[in-house]
There are 2 protein chains.
Amino acid sequence: MIILTGCGNLQNSNLANNNSAQVQNTFQITGTTNDNTYNVLLQDGRYKSSPSRGATATMLNSVDVTGMESGLVQISKQAFSTEKYIFQEGQQISQSDAYNWLGRYDEKSNPDGLNPAANSETDADKRTPVYLEQLLEQNYMTGSGNNYNVQGISLTLAMNSVDYYQKEKDGATYSTKISREDQEKHGKEMAQKVVERLRQKEGLKNIPIVIALYSRPSVDSLTGGAYFATTTVNGDSGSIGNWQTIDNQTQVFPIVSGSEKAINSSDLEGFQNFKSIVQGYFPNLSGVIAKSNYENGKLNSMTITVNTQFYGYQQINSFTKLISNSAEKYLPKNVPIEIKVQAVGEVQSVVIRDSSNYNFYSHVFSNEN
Amino acid sequence: MIILTGCGNLQNSNLANNNSAQVQNTFQITGTTNDNTYNVLLQDGRYKSSPSRGATATMLNSVDVTGMESGLVQISKQAFSTEKYIFQEGQQISQSDAYNWLGRYDEKSNPDGLNPAANSETDADKRTPVYLEQLLEQNYMTGSGNNYNVQGISLTLAMNSVDYYQKEKDGATYSTKISREDQEKHGKEMAQKVVERLRQKEGLKNIPIVIALYSRPSVDSLTGGAYFATTTVNGDSGSIGNWQTIDNQTQVFPIVSGSEKAINSSDLEGFQNFKSIVQGYFPNLSGVIAKSNYENGKLNSMTITVNTQFYGYQQINSFTKLISNSAEKYLPKNVPIEIKVQAVGEVQSVVIRDSSNYNFYSHVFSNEN
């Protein structure tokens, strides 16, 4: 059964579908960059969303695509240089394609379904789970003026690490765990089919295709999902060769589980020193939490949220200064770090090191009403 | 009648009151600065709040002190240079002093009350309103090691522009409007009494006192309150001489009232150009609102909030780039500007020019869950 979620339409901010009568669109690209980020192609001044955005196989599995999107952009940089290519959200897989592909296979009603047909079981370990939950397509364009063409395509197959299901409509929610091995096995098989289908499409017959496999988190995960494999199919090929393993892990500090070990103990130690200085400043501070992202065991980035209970202007100012100094002193060097200070759900100030080369930038928001 | 609000205790983040048995505190100051902001004095690593913080004359009048605080810091810079003085929240006016002074005068029960005794009227125009709602004290210190002394004191008298009241307990809320002239007249009279009282206190007999009068906003105000007068009493004087007028106004863009005129029409025009570019990008954008602050008719700062309904990583990235480029192009030059992009109540990105001399800095938050 294919369930249509409304998200796709809500998040689709372009009016391209309504513009089909127009004979010509005008294109713009977002300003030039020199910071290893893509220019983005705009149409009639507007950002163009994927028609397949928001399409999911089920309605029960949580949808958080921000990390998935930024991850695919990073992976794509290996194949499509930011200097040469311009980004556009994927326009090649239609919404109906997406829903058909994400659906369960059925010889008659859905021969394109990539997920296996359901068996008659309802037990978590005996039923056939939905492996593939979501597709994310990105296009990498070249061109100028009013003439831009897709010269590269990137596609994420987002695999469920947990498949949530109901035994009866509106009944209790159950879950089937899917091992990383099973996600990988099914993801790679599906990827080959997807490549063959893309090669049938006009304009995609001989351009490079990047495929990436993403493991979606469980709904109660603190760390989010992670990419675990990628491959690039050259323009002259119709089949996938070697896969490259991606070792990406996110760890939450402080570590609360007794059995969990720090991926890098000196990162954890630095965080703990930072935390104790920051918390010493305010006894009623409610929390300092970090998410550390590791690539091949090496720290990639850190985001920290500091939750407080106060408001005062000079209090926030001096607190932000303390955070900035303590971050410089205790937190890991040479990686991007983002620190948000929140009180009562509102961001009060930020302390940010965007690149490994720069000092921390800090800003206190003017929250005067 | 004096009503004790709980805010004071909740916001008081220091434990100094509980530490009175300690014979010695250690002092620190927040890192050195060269950006015309004050260092802040910490005690035992902690920020020390005012005992009078949160004290208000009534419970019905809204309490938003952030702008009041930052304003008094700015005013204080005229008298107390950021290079010489270190900031501490006011410690000279106790909480009970504050409540007594803010109360209505009563010969027997509250001879220190600065607000006039109530008459027997309940009509909005016949009753005696509460003029003075709040006090804000700041101390400017010098010293080193474990020896810091107050060398300057700044005090805001926060006057009600509207005094909200009830005719019976838990009854309907009524309001008395107080003209700027009346706020000024009563504020200046009260200020003289306050100066005399401060001069009685140990350590305050011969240090400069800065007094500032602030007009508190109505509860439905979009623009917040404003300072309107200030004076400095020299260390050798016990009475107020000349007052200096502060012409501070905040205007909200777009202007919705047909009768309201732009304080500066080219600022408004720049904002409107910026807004139409930004809104052209997303048809479903729900709002672009600016608050422009003017000092003596000259733009001082602008804060802009952009509310959107989307989430995508590249969407936010390219939108933020567009905002940054459009801000550079259309918004007023040479003033600090802060732009916050929000979706569903969460800050997605920021575009900031902190000082008149620098380019815009932009950052997209990593909102991966």
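Data block above holds the structure.
Reading the values: rules and limits
Residues numbered from 1 in each chain as written. Chains lettered and ligands numbered in written order. Predicted model: local features only at pLDDT ≥ 70, side-chain atom pairs only at ≥ 80, totals over all residues. Heavy atoms only, no water. Helix = DSSP H or I, 4+ residues; strand = E, 2+ residues; numbered from the N terminus. Buried < 20%, exposed > 50% of the residue type's maximum accessible area, 1.4 Å probe, protein only. Contact = heavy atoms within 4.5 Å. Areas by Shrake-Rupley, 256 points an atom, 1.4 Å probe, with all protein chains shown as cover. Salt bridge = Lys/Arg side-chain N within 4 Å of Asp/Glu carboxyl O. Pairing = 2+ DSSP bridges. Expected span 1.5 Å × (residues − 1). Lys, Arg positive; Asp, Glu negative; His and termini not counted. Polar contact = N/O pair within 3.5 Å; in protein donor to acceptor, adjacent residues only side chain to side chain.

A closer look at the overall build of chain A
Here comes step 1: Assigned secondary structure in chain A consists of 6 helices and 17 strands.
Here comes step 2: Here chain A holds 369 residues, and 51% of them are scored as buried.
Here comes step 3: For chain A, contacts bridging at least 24 residues in sequence account for 61% of all contacts bridging at least 6.
Here comes step 4: Summed over all atoms, the accessible surface of chain A reaches about 16900 Å², with 45% contributed by carbon and sulfur.

Looking at the pattern of salt bridges
All names here are of chain A.
Here comes step 1: Under the criterion given, the structure shown has 14 salt bridges over all chains.
Here comes step 2: Salt-bridge contacts for D97 lead to K201; the nearest nitrogen and oxygen are separated by 2.7 Å. One end of the pair, D97, is in helix α3 (residues 95–102); the other, K201, is in the loop between α4 (180–200) and β9 (209–216), with 104 residues separating them in the sequence.
Here comes step 3: The buried category is assigned to D97, whose relative accessible area is 17%.

Notes on the pairing of strand β5 (residues 132–144) of chain A
All names here are of chain A.
Here comes step 1: In terms of burial, β5 is a largely internal element, 11 of the 13 residues being buried.
Here comes step 2: In this sheet, β5 lies alongside strand β4 (residues 86–89) in antiparallel orientation, the contact comprising 4 bridges. Bridging across to β5, E89 finds its partner in Q138.
Here comes step 3: Both β5 and strand β6 (residues 147–160) contribute to a ladder of 12 bridges, which runs antiparallel.

Observations concerning the environment of G224(A)
Residue and element names in this part refer to chain A.
Here comes step 1: Along the chain, G224 turns up in the loop between β9 and β10 (226–233).
Here comes step 2: Exposure remark for G224: the relative accessible area of 17% places this residue in the buried category.
Here comes step 3: Each C-alpha atom, one on G224 and one on M68, is 9.3 Å from the other, the two residues being 156 residues apart in sequence.

Focus on α4(A)
Residues and elements named next belong to chain A.
Here comes step 1: Here α4 spans 30 Å end to end across 21 residues, near enough to the 30 Å set by a 1.5 Å rise per residue.
Here comes step 2: Taken together, the buried positions of α4 are occupied by Q183, H186, G187, M190, A191, Q192, V194, V195, R197, L198 and R199.
Here comes step 3: On its buried face, α4 sits against α3, β5, β6, β9 and β10.

What about the side chain of R199(B)?
All names here are of chain B.
Here comes step 1: For R199, the location among the structural elements is in helix α4 (residues 180–200).
Here comes step 2: No salt bridge is formed by the buried R199; its nearest oppositely charged neighbour, D236, is found at 6.7 Å.
Here comes step 3: Polar contacts involving the side chain of R199 include one to the main-chain carbonyl oxygen of S237, which spans 2.8 Å.

Brief notes about the pairing of β6(A)
Here comes step 1: Here β6(A) lies mainly inside the structure; 11 of its 14 residues are buried.
Here comes step 2: What sits between the antiparallel neighbours β5(A) and β6(A) is a turn of 2 residues, in which G145(A) has the positive phi angle 55 degrees.

Concerning the side chain of S52(B)
All names here are of chain B.
Here comes step 1: Its location among the elements puts S52 in the loop between β3 (46–47) and α2 (66–79).
Here comes step 2: On the basis of relative accessible area, S52 is assigned to the buried category, the value being 3%.
Here comes step 3: S52 has contacts with I93, S94, Q95 and A98, leaving out every residue within four places of it along the chain.

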